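Residue strings, one per chain:
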Amino acid sequence: MSFSALILSIDRPVTIGRHPSCFYRVRPSNGGVLVSCEDFSTNGLILNGHKIRRTSVLLMDGDIIQIPHSQKFECVHVLKAPGHKANIFDPTPPREASLKTKRIGRYLVTSHCLGSGSFATVHLAMDTTAYRQVACKTIKRKNHDKIEKVMKEVDILLSLDHPNINRVWAARHDSSFLNIFLELCTGGDLFSYIVGHKNSRLCEGETKYIMFQLLKGLKYLHDRLISHRGPENILLHTPGPYPRIQIGDFGLARPKAYQETFNVCGTVSYLPPEGILALDHKHLGYVGMPADCWSAGVIMYIMLASVITALPL
Ligand SMILES: Nc1ncnc2c1ncn2[C@@H]1O[C@H](COP(=O)(O)OP(=O)(O)OP(=O)(O)O)[C@@H](O)[C@H]1O
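What counts as what
- Residues numbered from 1 in each chain as written.
- Predicted model: local features only at pLDDT ≥ 70, side-chain atom pairs only at ≥ 80, totals over all residues.
- Heavy atoms only, no water.
- Patch = residues over 30% accessible without salt bridge, like charges linked within 9 Å, V, L, I, M, F, W, Y side chains within 5 Å.
- Areas by Shrake-Rupley, 256 points an atom, 1.4 Å probe, with all protein chains shown as cover.
- Salt bridge = Lys/Arg side-chain N within 4 Å of Asp/Glu carboxyl O.
- Helix = DSSP H or I, 4+ residues; strand = E, 2+ residues; numbered from the N terminus.
- Near = heavy atom within 4 Å.
- Polar contact = N/O pair within 3.5 Å; in protein donor to acceptor, adjacent residues only side chain to side chain.
- Pairing = 2+ DSSP bridges.

Asker: Explain a nonpolar patch on the surface here, please?
Answerer: A cluster of nonpolar side chains, Val-268, Ile-276 and Leu-279, forms an exposed patch at the surface whose accessible area comes to about 210 Å². Within the element layout of this structure, Leu-279 appears in helix H4 (residues 273-280).

Asker: Any chance you could explain the site of the ligand here in plain terms?
Answerer: The environment of the ligand is made up of 19 residues, and the closest members are Ser-118, Phe-119, Ala-120, Lys-137 and Glu-183. The separation between an oxygen atom of the ligand and a polar side-chain atom of Lys-137 is 2.7 Å. Within the side chain of Asn-166, one N or O atom sits 3.0 Å away from a nitrogen atom of the ligand. For the shell around the ligand, the secondary-structure elements that each account for two or more residues are strand S10 (107-116), strand S11 (120-127), strand S12 (132-140) and strand S14 (177-183).

Asker: Honestly, the pairing of S12 in this entry has me stumped. Any pointers?
Answerer: For a regular strand, side chains alternate in direction, first toward one face of the sheet and then toward the other. Of the pairings in the sheet, the one linking S11 to S12 comprises eight bridges and is antiparallel in character. Looking at the pairing, Met-126 lines up with Gln-133 of S12. Taking the residues that link successive antiparallel strands as the turn, the S11-S12 hairpin has four residues, and the phi of Tyr-131 there is positive, at about 45 degrees. In terms of strand pairing, S12 meets S14 through seven bridges, oriented antiparallel. Bridging across to S14, Thr-138 finds its partner in Asn-179.

Here it is in structure tokens:
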């Protein structure tokens, strides 16, 4: 089998093949660029020797992708600065540094960082048994944390199964870190998606579609008496217009969500009035489930009115 050259400069989605596979450039929240490939074909694609079908994967430098019984491509990511390689006689820009990996049980965690937040760093990983890409969220353990309590909360998340909730596949811990293996979302986050649109806002149709999914995800949680308390953490399961969304980051989620809490958390811009009041008045509490619904309303406003005007940055 010979290698063919397919040079994609992905400024907009590119489709190849008769039963296509679609390549997208995704801008993750931590900057940089991800190349996402979604398979719509009847026969699937072969990624590094393993079949993928009707799914979306992230393509890393050095990955080998093959159309079954046909062409084979090596993915070469070049670091291209603006103006670089304007014509073919310019020097070839350098290749991306190759990935390092670390094995944690059945998972191979790569050095490719998908994003980070205040508590965690998320890396691309591979489940070597199910042969699927996953996201590995690594949280540094505190000195005197009660791992049994943390794992009890992780167990609740492990039992959740809904198309609009970011699935937790497994959790492993050692004396320094807690690693949570999550369903991989290949489309980046909702806010980068909104900002990528003209005037940083979405049309009513797309907003409705996303809100429907968000409310379905929240209803699923609330039916189990779990409040999320940060539903603005929304990931795109796959890239492209009218995306499937998933609620992610359950770090602040709380069981028994009908009870009042005095511990205010979450991003202030999304808090309901009673949550804001509770910030300054320690004796006042608020309830997680209605707070989630208020936050969902703020998200709808942001999608329609633009992130830039809706939130003081
Ligand atoms: N399942 C996933 N698939 C792909 N990328 C992900 C996934 N989960 C998280 N990320 C990326 O990692 C980033 C950080 O993850 P997350 O928000 O869960 O971390 P955190 O430290 O808990 O954040 P916060 O500061 O909001 O508490 C996200 O913004 C997103 O870009």
